[in-house]
Amino acid sequence: MAHPSLFIDALQYNNWSEEVFKQINDGGLSALHVTICYHEDFQEMVKNVIDWNRRFESFSDLIFHGKSASDVLKAQNEGRTAIFFGFQNCSPIEDDIGLVEICHQLGVRFMQLTYNNQSLLGTGCYEENDPGITRMGKQVIKEMNRVGLVVDMSHSSEISTLEAIEISERPIAITHANPTFWHPALRNKPNKVLKALGESGSMLGFSVYAHHLKDGTNCSLESFCNMVADTAEIMGVNNIGIGTDLCQNQPDSVVEWMRNGTWTNERDFGEGSASFAGFPDQPKWFRDNRDFLNIATGLKSAGFNSNDIDSIMGKNWLNFFEASFEPL
């Protein structure tokens, strides 16, 4: 059944199953950006695409591979969900700029330049020194702009992010993070970055991952939606959306793999700690995709009008997809 509202979530990494796809459908999501890479090289990433192709075949009544903004409207009309691929790291392009276009041809539409650490392209948010975008990074951003692959700076440092906004000829995205004025997590973004995003027509997707929330798992919906309102004052209501960073039904071994990949012999706890190493519990108002409507309801209580709610819940991302995914 087609959903009256347009709901788009700009980041999830769930343990994918028919149950999860049904919940996404029940939640009324017309589009979903899913992570298909954390640390994989090109060949390993291709295996993940094969896995997704099987899912598209097995659950074709619920999902299909989204590649363009028009696929979002198609999904909405058909009561299905368009799944958009993205990388949380630049590892699949290895050290070969030619793979940027190949990844776009495989249907990838987002690529983070870094995942917490320094990469060949830029600096991650966990590095002590922040030299910004590298020589290769400047070239790759140019190529990403050309082919229609979105520059995602969710896990990047402040200087890298500001430089990426400056270098990129197209608006960029931070698909899943919150402002530091509300909760000072390393992964959240300072006002300087929020302003630069707004001024460049770029997007911020608000995260409901507990490590990004004020009061963590106990964060209230009211606090979250008031934060959205305060952010809208800084960067404009047309440059914000939702990017929940939902990691549903994943074992704790997955978050350990996200943080450690193959880069360290020691155990890195990332946003967690030795005493709190696993996935945090979701806040009670967003357990899974069926709770998506709760955010819209909370935004109404925070004083947003229905047009602004529609924009934040999906239309802003749709406009961004329209401007971002096609080659120049």
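Q: Sorry if this is basic, but what is going on with the overall build of the chain here?
A: In terms of regular secondary structure, the chain is built from 11 helices and nine strands. Computed over the C-alpha atoms, the radius of gyration of the chain is 18 Å, within 12% of the 20 Å expected from 2.2 N^0.38 for a compact globule of 328 residues. For the chain, the spread of C-alpha atoms along the three principal axes comes to 45 × 40 × 40 Å. Among the 328 residues that make up the chain, the fraction classed as buried is 59%. Considering only intrachain contacts with a sequence separation of at least 6, the fraction spanning at least 24 residues in the chain is 71%. Looking at the chain as shown, the accessible area adds up to about 13,400 Å², and 46% of this sits on carbon and sulfur atoms.

Q: I tried to follow unusual backbone geometry on my own but got confused; where do I start?
A: One can expect most non-glycine residues to show negative phi and most peptide bonds to be in trans. Positive phi is not limited to glycine here, since Asn116 has a value of about 70 degrees. Turning to its location among the elements, Asn116 is positioned in the loop between β5 (108-112) and α5 (135-147). The residue Asn249 is not glycine, and still its phi comes out positive at about 65 degrees. Its place among the elements puts Asn249 in the loop between β9 (240-242) and α9 (252-260). Owing to a relative accessible area of 42%, Asn249 belongs among the partly exposed residues under this scheme.

Q: So what exactly am I meant to see when it comes to the packing of helix α10 (residues 292-301) against helix α11 (residues 306-324) here?
A: Two numbers describe a pair of packed helices, the interaxial angle and the distance between the axes. Between α10 and α11, whose axes approach to 10 Å, the crossing angle comes to 150 degrees. Classed by the angle they form, the pair α10 and α11 counts as roughly antiparallel. Pair α10 / α11 crosses with right-handed handedness. Touching Phe292, Ile295, Ala296, Leu299 and Lys300 of α10 are Ile309, Ile312 and Met313, all from α11. Taken together, the residues that form the contact of α10 with α11 break down as seven nonpolar, no polar and one charged.

Q: Sorry if this is basic, but what is going on with the nonpolar core here?
A: Generally speaking, soluble globular proteins have nonpolar side chains that are buried together. By size, the foremost hydrophobic cluster in this structure holds 74 residues, and its most contacted members are Trp52 and Phe224. Those residues within four positions of Trp52 in sequence are excluded, and the remaining contacts are Trp16, Phe21, Val34, Ile36, Ile63, Ile83 and Phe85. Grouped together as the second largest cluster of nonpolar side chains are 19 residues, Ile8, Val72, Phe84 and Phe321 included.

Q: How should I be thinking about the packing of helix α8 (residues 221-235) against α10 in this particular structure?
A: Packing of α8 against α10 leaves a shortest axis separation of 9 Å and a crossing angle of 65 degrees. By the criterion of interaxial angle, the relationship of α8 to α10 is roughly perpendicular. Here α8 runs over α10; the crossing is right-handed. Contacts between α8 and α10 involve Leu221, Phe224, Cys225 and Val228 from the first element and Asn294, Ile295, Gly298 and Leu299 from the second. Taken together, the residues that form the contact of α8 with α10 break down as six nonpolar, two polar and no charged.

Q: Please explain the pairing of β5 as it appears in this structure.
A: Note on strand geometry: in a regular strand, side chains alternate between the two faces of the sheet. Counting buried residues along β5, five of its five residues qualify, which places the element largely inside the surrounding structure. As paired elements, strand β4 (residues 81-87) and β5 share three bridges and run parallel to each other. Along β5, the bridge assignment pairs Phe87 with Met111. The pairing of β5 with strand β6 (residues 150-152) spans three bridges and is parallel. Across the sheet, the residue bridging to Gln112 is Asp152, located in β6. Viewed along the sheet, the connection from β5 through α5 into β6 turns out right-handed.

Q: I would appreciate a short explanation of the pattern of salt bridges in the present structure.
A: A pair can form between side chains of opposite charge whenever their charged atoms are brought close. Here the structure, examined in full by the defined rule, presents seven salt bridges. Measuring nitrogen to oxygen at the nearest pair gives 3.1 Å for the salt bridge that ties Arg146 to Glu101. Remark: Glu101 occurs in helix α4 (residues 98-105) and Arg146 occurs in helix α5; sequence separation between them is 45 residues. Among the residues examined, Glu101 registers a relative accessible area of 31% and is labelled partly exposed.

Q: Would you take a moment to explain α4 for this structure?
A: Residues lying three or four places apart along an α-helix face the same way, a consequence of the helix completing one turn every 3.6 residues. Of all the positions in α4, only Leu99, Val100, Cys103 and His104 are classed as buried. Along α4, the residues classed as buried sweep out an arc of 145 degrees about the axis, all on the same side. Lining the buried residues of α4 we find α2 (42-58), β4, β5 and α5. Gly107, located one to two residues past α4, shows a positive phi value of around 100 degrees.

Quick notes on the rules
- Residues numbered from 1 in each chain as written.
- Predicted model: local features only at pLDDT ≥ 70, side-chain atom pairs only at ≥ 80, totals over all residues.
- Heavy atoms only, no water.
- Helix = DSSP H or I, 4+ residues; strand = E, 2+ residues; numbered from the N terminus.
- Rg over C-alpha atoms; globule rule 2.2 N^0.38 Å.
- Buried < 20%, exposed > 50% of the residue type's maximum accessible area, 1.4 Å probe, protein only.
- Contact = heavy atoms within 4.5 Å.
- Areas by Shrake-Rupley, 256 points an atom, 1.4 Å probe, with all protein chains shown as cover.
- Axes fitted to C-alpha atoms, helices over the stretch in contact; angles between N-to-C directions.
- Parallel < 35°, antiparallel > 145°, perpendicular 65-115°, else oblique.
- Left-handed = near helix turned anticlockwise from the far one by under 90°.
- Nonpolar A, V, L, I, M, F, W, Y, C, P; charged D, E, K, R; others polar.
- Core = buried A, V, L, I, M, F, W, Y, C linked by side-chain atoms within 4.5 Å.
- Pairing = 2+ DSSP bridges.
- Right-handed = clockwise from strand over helix to strand, strands pointing away.
- Salt bridge = Lys/Arg side-chain N within 4 Å of Asp/Glu carboxyl O.
- Arc of directions from axis to C-beta.

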